[in-house]
Amino acid sequence: MIPAYYEFSNRAKILSGEYAIEHIPFELASMECARPMLVTNKQLRELGLADIVLSALADGGVTVGAIFDDVPVDSSVQVVNDLAGAYREAGCDSLIAVGGGSVLDTAKGASIVLSTGATDLLEHMGSEVVNARAMVPLIAVPTTSGTGSEVTGAAVIKDTERHVKMGFVTPHLVPDVAVLDPRMTLGLPPRLTASTAMDALCHAVEAFSCRQANPLSDAHARAAIDLLREYLPVALDDPKDATARLALANASLLAGAAFSNSMVGIVHAMGHACGGQCSIAHGEAMGILLPHGMAYNLDVAGERYAELLLHLAGSEAFAATPAEDRAAAAIGGVRTLLELAAEKAGMPTRLSEVGMTREQLPAVAALAINDGAMSFNPKDASAEDILSILEGAL
Ligand SMILES: [Fe+2]
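Residues numbered from 1 in each chain as written. Predicted model: local features only at pLDDT ≥ 70, side-chain atom pairs only at ≥ 80, totals over all residues.

Draft legend 1. Structural view of the overall build of the chain. Along the backbone of the chain there are 14 helices and eight strands. Computed over the C-alpha atoms, the radius of gyration of the chain is 20 Å, within 12% of the 21 Å expected from 2.2 N^0.38 for a compact globule of 394 residues. Its C-alpha atoms give the chain principal-axis dimensions of roughly 60 × 45 × 45 Å. For the chain, buried positions account for 53% of its 394 residues. Counted over contacts in the chain with a minimum sequence separation of 6, partners at least 24 positions apart contribute 79%. (Helix = DSSP H or I, 4+ residues; strand = E, 2+ residues; numbered from the N terminus. Rg over C-alpha atoms; globule rule 2.2 N^0.38 Å. Buried ≥ 20, exposed ≤ 12 C-beta atoms within 10 Å, placed from the backbone. Contact = placed C-beta atoms within 7 Å.)

Draft legend 2. Up close: the environment of Glu384. For Glu384, the position within the fold is in helix H14 (residues 383-393). For Glu384, a count of 11 C-beta atoms within 10 Å gives the class exposed. Between the C-alpha atom of Glu384 and that of Pro362, which follows or precedes it by 22 residues, the distance is 8.5 Å.

Draft legend 3. Layout of the pairing of strand S2 (residues 36-39). Residues Pro36 and Leu38 line one face of S2 and the alternating positions Met37 and Val39 line the opposite face, and both faces are buried. In this sheet, strand S4 (residues 94-99) lies alongside S2 in parallel orientation, the contact comprising four bridges. Counterpart to Met37 in the pairing with S4 is Leu95. Both S2 and strand S3 (residues 66-68) contribute to a ladder of three bridges, which runs parallel. Looking across to S3, one finds that Met37 is bridged to Ala66. (Pairing = 2+ DSSP bridges.)

Draft legend 4. How the structure looks around the domain arrangement of the chain. Split by domain assignment, the chain resolves into domain 1 (13-184) and domain 2 (190-393). Inter-centroid distance (C-alpha atoms) of domain 1 to domain 2 is 27 Å. Listed as interface residues are 19 residues of domain 1 and, on the opposing side, 20 residues of domain 2. Contributing elements (two or more residues each) for the side of domain 1 that touches domain 2: strand S1 (13-16) and strand S8 (177-180). Considered class by class, the residues forming the side of domain 1 that touches domain 2 number seven nonpolar, 10 polar and two charged. (Domains from an automatic or database assignment. Nonpolar A, V, L, I, M, F, W, Y, C, P; charged D, E, K, R; others polar.)

Draft legend 5. Local environment of the nonpolar core. One finds Val39, Ala97, Val179, Leu201, Ala204, Ala224 and Met270 to be the most contacted residues of the largest nonpolar core, which totals 134 residues. Two domains each donate at least three residues to this core, and these are domain 1 (13-184) and domain 2 (190-393). (Core = buried A, V, L, I, M, F, W, Y, C linked by C-beta atoms within 7 Å.)

Draft legend 6. Main features of helix H12 (residues 326-345). Its 20 residues give H12 an end-to-end C-alpha distance of 28 Å, which sits within 8% of 28 Å, the value for a rise of 1.5 Å per residue. Within H12 the residues assigned to the buried category are Arg326, Ala327, Ala329, Ala330, Ile331, Gly333, Val334, Leu337, Leu338 and Ala341. Against the buried residues of H12 lie helix H6 (190-209), helix H7 (215-237) and helix H10 (282-313). Positive backbone phi, at 70 degrees, marks Gly346, one or two positions downstream of H12. (Expected span 1.5 Å × (residues − 1).)

Draft legend 7. Structural detail: the sheet that holds S8. The sheet built from six strands is open, its strands ordered S1-S8-S5-S4-S2-S3 with parallel pairing. Of all the strands in the sheet, the pair left with one neighbour each is S1 and S3. Pairwise comparison of adjacent strand axes, ignoring direction, gives a mean angle of 20 degrees for this sheet. Of the strands in this sheet, S2 and S3 touch helix H4 (residues 77-90), which is tilted by about 170 degrees from S3. Lying over the sheet, helix H8 (residues 242-262) contacts S1, strand S5 (138-142) and S8, oriented at roughly 150 degrees with respect to S8. (Axes fitted to C-alpha atoms, helices over the stretch in contact; angles between N-to-C directions.)

Draft legend 8. Just the packing of H4 against helix H5 (residues 101-115), in detail. Contact geometry of H4 with H5 gives a least axis separation of 8 Å together with a crossing angle of 60 degrees. When the axes of H4 and H5 are compared, the pair comes out oblique. Classified by chirality, the crossing of H5 by H4 is right-handed. Residues Val79, Val80, Asn81, Leu83, Ala84 and Tyr87 of H4 form the contact with H5, whose participating residues are Thr106, Gly109, Ala110, Val113 and Leu114. A breakdown of the residues in the contact of H4 with H5 according to their chemical character gives eight nonpolar, three polar and no charged. (Parallel < 35°, antiparallel > 145°, perpendicular 65-115°, else oblique. Left-handed = near helix turned anticlockwise from the far one by under 90°.)

Draft legend 9. Main features of helix H3 (residues 49-59). Those residues of H3 lying buried are Leu49, Ala50, Val53, Ala56 and Leu57. Each buried residue of H3 lies within a common arc of 130 degrees when the element is viewed along its axis, so the set occupies one face. Along its buried surface, H3 packs onto helix H1 (24-30), S2, helix H2 (42-46), S4 and S5. Where H3 ends, the next residue or the one after it, Gly61, has phi of about 75 degrees, a positive value. (Arc of directions from axis to C-beta.)

Draft legend 10. Structural view of the packing of H6 against H8. Look at H6 against H8: their axes get within 8 Å of each other, and the N-to-C directions meet at 40 degrees. Considering how the two elements wind past one another, H6 and H8 form a crossing that is left-handed. Residues Ala197, Ala200, His203, Ala204, Glu206 and Ala207 of H6 touch H8, and the partners they reach there are Leu248, Ala251, Ser252, Ala255, Gly256, Ala258, Phe259 and Ser262. Taken together, the residues of the contact of H6 with H8 sort by class into nine nonpolar, four polar and one charged.

Draft legend 11. Quick look at unusual backbone geometry. The phi torsion at Glu32 lies on the positive side, around 60 degrees, for a residue other than glycine. A count of 9 C-beta atoms within 10 Å places Glu32 in the exposed class.

The structure is reproduced here in structure tokens:
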């Protein structure tokens, strides 16, 4: 069904494939950029991933204006401001972010500061504050396959003085170019491969079933789930399989483009709250909570979940399942992937496995009910409803 009205945007140019990184010099030239700043972290430099990009730039005759490799795991306003200062000092004209969600979000935050002539990101808290025509060109090279940040218009930056995570959301934050190259994820450890894939799966399932779903976000979500079903098992069996790695990177991007437009729901609301209260890795919270959130939504979102069985379990299983059983079977399909991730990669399947206790759950439920994602969930929920979902996942 087509909604009475919807919007969909994704302005990123996608480069996907082995040696996609070697195309970056061409993209810089086409944006009339000659002096990029490379943004990454020390661990990725030690792993040699930043060097792959640096040598592609050197081979393409590009002079790197500066390298900023001080991005921590949880980025902050101060890091963003420092990055913007270093960029100005070095006279750079573009950003190339190589890393996971934190690195990409830091570069997005810096692009807000730089594009608006500000000195402090806090001057621009809120959305729709940035003029797209003035944005600093940004090329995103993800080194994990989960957040989809390379195509989303969102950045999460911590304000360490007030102890809050600030969300910046505007389509202008979508990078100009997203580069998916399997060399960037070949070395991802199995548990991180599994948890980031479960985050991508959650983006796709929630984007497909939430209130703002539309035909374009649906198409992206379906394609993402097909790739995850087929290639997550391959990547867990053989982490060096470049085809599987590229497929998972594409799945993450597709799911990112889906939820960046149609948003997410109760599973992300609970996951954000778990992360805020108990520092659980986001992808692990997503994998644990997704089947429970779907079970809660089942009576309202059943028709949508039934459609997803085709993608979660394949055409034979879909055809063999009576129509009235397909929605519940789709939840079973998610559980099957989660159990596979647990068996092959040690992915946790219950909140207690990641250290959460029953005593913590009321505070998590109270946080989750106020999360912005709740307004897009297909079914309303009270704090008591959320508490009982969390107890079921403990
Ligand atoms: Fe997520």
